[in-house]
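Coordinate inspection notes
These are the residues of each chain, in order.
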Amino acid sequence: MAEKQQQFTPPHAKLGKYEHIVGAQKYPEIRQRGFYSDVVLETDPQALGDVMDGPERDPNHMWDLRTADHTPMVDTFEPPENLLEQITEQTDHGPTTKLTELSDFPLKAYEPKVQLPFYTPPGQRPRRVEVERRKRIYQQMDIEQILQEKYKITTDQLVPKQSDEGNRLGDWRSYLALEVFDNTDYDCRLPAEWLAMGMDEGVRKPVPGRALLPSRDDQHDLDIRDPAIVWRWQMVGVLDYDPDSQLWLVMKVNKKGRLVDQDGKPVVNGGYLGNGQFLDLPSMYWIPRIQLYFLAEDPTIFAMRVAEAFAERQRAEAHLRYHLYLDCMPSDGLGEADKNSFNRMIEWAKGTPSLSKAKKLDDKIQSLDKEVNFDFSRSMNKIIFNGTIVHHQDQYSYVTVPQSSEEPVPQRGCVDVPEYNFDEAYSLFAFHSLLTRQESINAIGWVRSECNEVAAKSLFQVPLAKHMRLEEFEQTQQQATQHVALYLRDTFKENLRRHIRTSLRDSGKGWFDLNTDKFYVYQGSKLKKFMEMVKFSMQDSLRYLVQDSLTNFTQMIVDACQACLTLPTNYEWPHDLLVSTLLPKRNPLFLVDLVLDLEGSHYSTNLNQFEATLVSLFDKAITSTQTVPQLEKFILENLKDLQNETLLLESVWPNEPEVERLRMTIREAINKALIPMKVYARLYDRFLPLNNLEITQYIAEYEAKSPTAIQMKEEVEKHLAEKEVMEKIIPSSIIIGPFFVATENVRQNLSKKCKAMANAVLELLAKKLRKQADDACEEFKAISRRLFETPNTIEDLSETREWMKTIPDKLDEHQENIDLAMADYDLIEEFYYNLSQEDFNARYTAMSWPNKIVKQMEQVEKTMEEAEERFRKLQVGDTSTFNDRLDSLTMSVASLSTYTDIGKAHEVANEVRRIAKQLKDAGQDAQKYNNRERLFGMPVTDYSKLAKLNKDFEPYRAMWIAVSIGSGCTSR
């Protein structure tokens, strides 16, 4: 049903009155205008109304007020900053084409195609006026209304419907798709041009249009012929086009006339989400062009296109039904074709040499006989059926007889040929032709052969057998270019010169005189035409050489970058580091190494050099063919006019459109290929801290934390696990478009760094255990040194024995520390760490010390038993000697009673002192000998007489010392 048009509403009115607002405001019907574009419009005058009245507008006196003389200006208050905008919005100046709602469609997407020059001659209609006028006319028309009123076609008739009830006689429903009969000649733009109308600041926005779509978006799973689907012309935005299926991706607008996704963001770039995926909404459909009407095209032409397709479908369906009726008619009783005529045709056919010896000819003749009889029967039925329809038109009104176009029968079987003077034409041709002598024919053959050989060469080495570094690639291509350039300047020229002179040297004077020395004679000879032909052949081969070489070189780059050509600038790597879906068609071209250092993650070759290098090789190949000389100078050696300068052949120039296109293709392809390369390099940024980590600094910081052996083991396990992860997630190499990226060095460096960190932690643990082992060994050494000390007395021996009783407890205590250290050493062995010789010796020395101490104690026990026996013997001798000393002291004390001379008081006092000292020493020795007797387990000797002796001696000592002292005072 056609939509009702609304009258014009001022911009500040509610825009909801319009039924067709999709992104941009739909231009409403304008009934009364006074613009020049409407006055010159050749249309119905009633559509303009009274154009002399001008547009309706509200009077605005702001300008008069501002320009009135002596009008005081109010400056006592500050007006709002947007006061002018508020006044402008509230002022109604009549109709406007300014957008008053947020739109997802660019303005140029509404502009119709106009075949008018941009420069408008005087008296002609301006291009912008014509564009604006057509835009408004198209906006006022409704495609559904045009189809219904002009062509009597409703929307339900456009889409075929299926029914289980069957059709009534004469009431046939369409069952063929309408797009099969679409005539694309009606399209005023190519698909790429339609999509380009949505380009706005580098973003491809939707293009507005109306599409024949289901009214509900929950019927995607149903067959399009399902009668439950209600089809309507609806406002859509065109997002994309698939050239393979020739379908258009459209999306319905929402209630606000916008195209947004689930998050309310505008749908741009064909619904591409930037992560390799596309937007998929229920309101999105892939439809053929016959169901899509762009707002920028003429609706009457599109309606004509739909009507023509509709009529063609009706004719096709009627034709199919007519032939179905013929095929269902019986052929019995209709007779057969004349056998005599058929037999004559067979005999004539067999008379030909090719068919007379054909195998299985009878089987084929029998098959043809059946086919002829079938066509004869069908033709008879057709005559009967057509006659029946003609005589009973009312009864068979639903049958449409196809109209056959009869070809006029020619009057005779030959074609009239106008009169032609062959001799004169042949003479004229021979006069101008170079193919009149064997010498020139041979020369032309040689020239063609050499030129074909040149055209078959290539300025580049294409294809490449292996990938190589950019420098090697550049050197390889330059060598190929220089080799061909040298061949063109020397070998190509010399070969042609030799072949031409050899072929024409015997021609003598005449048309092909090589020895002529007169330039005007040469100018009028066939030799001049021959040399011109040679020049053009050489230039033609040069052009083919350059064009084919550039095309093949460009194709090689494009094939290598094929998977990257459609990538957006915000491309994100969709997989892990091991997988790449961006593979070339054949082989990668360039070898680069991934490098991680303090500057970050980058490649061994600067990526910006690839574009410059490829373009440089491209341009150098063109330049290398610009210095090929012409042959006239070298063939006609006697013509001095040709010897003064060397003329060059024309080749392909760098600024030709096709060359520019190929050069731009290379730039775009390699730049597209660099996008995933940069993204892939950024994936390795997470490994930079590990790659740039200094192991010595790491170990120093880790050692400052004083970790335990278990913590060190966990740290080592963590680094070894990281090593395995690095070896698993980082590939040895990966192919990204034209690049073969070698990542083995990065993989090995990170793996070695993790291994080195684990070894550093193990070294730290070994150092710590070495210190523990050394400390334990020092304590055991102290015990060993003490055990090796020789006792000099029985007291030392007893003390040593008492100390040796504490050694087992000390050994048990140290054994626990040793066991802990050995357990830590076992942790190191779990990682197959190779201990140094010092660490190995320290470990097993510490393990052997307890057993060594035990054996040393056993040895010391034997030594001490021997020493004890020796000390026992000494004790017996010492005791005997001591008794003799006691007897001597007894006699000395007894002899003191004999001293009576006071004059000898000093000598006696000294003797007394000596005896007193001996008695004191004897007391100490008696105590010592008694202690030793107890240590030896011997009976303790009674030295009580020594106490009696001291008692007897004390009076003598006191007396004589006092006398000695008194005598001394008196003498003084």
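Look up: the structure comes first, before these words.
A few points on the structure. Bear in mind that the values here come from a model prediction, so they are computed numbers and not experimental data.

Quick word on the pairing of strand β10 (residues 733-736)
- On β10, burial follows the alternation: Ile734 and Ile736 on one face are buried, whereas Ser733 and Ile735 on the facing-out side are not.
- Pairing analysis gives 4 bridges linking β10 to strand β11 (residues 739-742), with the strands arranged antiparallel. Across the sheet, residue serine 733 finds its bridge partner in β11, namely alanine 742.
- As consecutive antiparallel partners, β10 and β11 are separated by 2 residues, and within that stretch glycine 737 has a phi angle of approximately 60°, a positive value.

Regarding a nonpolar patch on the surface
- On the surface, Tyr420, Phe422 and Tyr426 cluster together to form a nonpolar patch covering roughly 430 Å² of accessible area.
- Relative to the helices and strands, phenylalanine 422 is located in helix α11 (residues 422-432).

Observations regarding the packing of aromatic side chains
- Going through the model one piece at a time under the given rule, you end up with 17 aromatic pairs.
- The interplanar angle of 45° and the centroid separation of 5.6 Å between the aromatic rings of tyrosine 322 and phenylalanine 385 together place this pair among those described as tilted. In this pair, tyrosine 322 sits in helix α7 (residues 299-328) while phenylalanine 385 sits in helix α10 (residues 361-391), placing the two residues 63 residues apart along the sequence.
- Overall, tyrosine 322 belongs to the buried group, its relative accessible area being 2%.
- The class for phenylalanine 385 is buried, based on a relative accessible area of 12%.
- Relative to phenylalanine 739, the ring of phenylalanine 590 has its centre 5.7 Å away and its plane inclined at 40°; by these criteria the two rings are tilted.

Quick word on the nonpolar core
- In this structure, Phe530 and Phe739 are the most contacted members of the largest nonpolar core, which totals 100 residues.
- Sorting elements by how many residues they give to this core places helix α15 (residues 526-560) first, with 14 residues.
- Sequence-distant contacts of phenylalanine 739, that is, excluding residues within four places in its chain, are made with Pro588, Phe590, Val592, Phe610, Ile670, Ala673, Leu674, Met677 and Ile734.
- Grouped together as the second largest cluster of nonpolar side chains are 33 residues, Leu147, Trp233, Leu281 and Leu295 included.

Details of the sheet that holds strand β5 (residues 247-252)
- One open sheet accounts for 5 strands, arranged β6-β5-β4-β3-β7; its pairing is antiparallel. Because the sheet does not close on itself, it has two edges, and the strands there are β6 (284-287) and β7 (292-294). If you compare each strand with its neighbour and ignore which way they point, the axes differ by 40° on average.
- Pairing of strand β4 (residues 231-242) with β5, which is carried by 6 bridges, proceeds in the antiparallel orientation. By the bridge assignment, aspartate 242 is partnered in β5 with leucine 247.

Brief notes about the side chain of threonine 554
- Residue position: threonine 554 is located in helix α15.
- Note on threonine 554: relative accessible area 4%, which makes it buried.
- Beyond its immediate sequence surroundings of up to four residues, threonine 554 is in contact with Phe618, Leu662, Thr665 and Ile666.

Observations concerning the pattern of salt bridges
- Taken as a whole and judged by the stated rule, the model has 32 salt bridges.
- The partner of aspartate 218 in a salt bridge is arginine 216, and the shortest N-O contact between them spans 2.8 Å.
- Given a relative accessible area of 54%, aspartate 218 falls into the exposed group.
- One connected set of salt bridges, linked through shared partners, spans Asp182, Asp187, Arg289, Glu297 and Arg305.

Here's the deal with the side chain of aspartate 369
- Position of aspartate 369 among the secondary structure elements: in helix α10.
- A residue is classified by how much of its surface remains accessible, and aspartate 369, at 19% relative accessible area, is buried.
- In this view, aspartate 369 contacts Lys339 and Phe342; residues no more than four positions away in its chain are not counted.

Some details on the state of the cysteines
- Taken as a whole, this structure holds 0 disulfides when the rule is applied.
- In this model cysteine 561 remains outside any disulfide bridge; the closest cysteine sulfur is found in cysteine 564, 6.2 Å from its own.

A closer look at the pairing of β4
- With 9 of 12 residues buried, β4 lies mostly within the body of the structure.
- Taken together, the 8 bridges between strand β3 (residues 207-214) and β4 define a ladder with antiparallel strand orientation. Looking across to β4, one finds that alanine 211 is bridged to glutamine 234.
- What sits between the antiparallel neighbours β4 and β5 is a turn of 4 residues, in which glutamine 246 has the positive phi angle 60°.

A closer look at the sheet that holds β10
- Strand order across the open sheet formed by 4 strands is β9-β8-β11-β10, with mixed pairing between neighbours. Unpaired on one side and paired on the other, β9 (600-603) and β10 mark the two borders of the sheet. Looking at each pair of strands side by side, their axes are set apart by 25° on average, direction ignored.
- Taken together, the 4 bridges between strand β8 (residues 590-597) and β11 define a ladder with parallel strand orientation.

Comments concerning unusual backbone geometry
- Residue proline 463 is bonded to the preceding valine 462 through a cis peptide linkage, with omega at -5°.
- As for its position among the elements, proline 463 is in the loop between α12 (438-456) and α13 (470-504).
- Despite not being glycine, glutamine 246 shows a phi value in the positive range, around 60°.
- Turning to its location among the elements, glutamine 246 is positioned in the loop between β4 and β5.

Description of the packing of helix α5 (residues 143-150) against α7
- Here α5 crosses α7 at 55°, and the two axes come no closer than 9 Å. As far as their axial angle goes, α7 and α5 are oblique. You can see that α5 and α7 cross each other, and the crossing is right-handed. From α5, Ile143, Ile146 and Leu147 reach across to α7, where they touch Pro299, Thr300, Phe302, Ala303 and Val306.

Overview of the packing of α12 against α13
- At a minimum axis distance of 8 Å, the contact between α12 and α13 shows a crossing angle of 165°. The angle between the axes of α12 and α13 places the two elements in the roughly antiparallel class. Pair α12 / α13 crosses with right-handed handedness. Residues Glu439, Ser440, Asn442, Ala443, Trp446, Val447, Glu450, Cys451, Glu453 and Val454 of α12 touch α13, and the partners they reach there are Tyr487, Leu488, Phe492, Asn495, Leu496, His499, Ile500, Ser503 and Leu504.
- By residue class, the composition of the contact of α12 with α13 is 11 nonpolar, 5 polar and 3 charged.

About the thresholds
- Residues numbered from 1 in each chain as written.
- Predicted model: local features only at pLDDT ≥ 70, side-chain atom pairs only at ≥ 80, totals over all residues.
- Heavy atoms only, no water.
- Buried < 20%, exposed > 50% of the residue type's maximum accessible area, 1.4 Å probe, protein only.
- Helix = DSSP H or I, 4+ residues; strand = E, 2+ residues; numbered from the N terminus.
- Pairing = 2+ DSSP bridges.
- Patch = residues over 30% accessible without salt bridge, like charges linked within 9 Å, V, L, I, M, F, W, Y side chains within 5 Å.
- Areas by Shrake-Rupley, 256 points an atom, 1.4 Å probe, with all protein chains shown as cover.
- Salt bridge = Lys/Arg side-chain N within 4 Å of Asp/Glu carboxyl O.
- Phe/Tyr/Trp six-rings, centres within 6.5 Å; stacked < 30°, edge-to-face > 60°.
- Core = buried A, V, L, I, M, F, W, Y, C linked by side-chain atoms within 4.5 Å.
- Contact = heavy atoms within 4.5 Å.
- Axes fitted to C-alpha atoms, helices over the stretch in contact; angles between N-to-C directions.
- Disulfide = S-S within 2.5 Å.
- Parallel < 35°, antiparallel > 145°, perpendicular 65-115°, else oblique.
- Left-handed = near helix turned anticlockwise from the far one by under 90°.
- Nonpolar A, V, L, I, M, F, W, Y, C, P; charged D, E, K, R; others polar.

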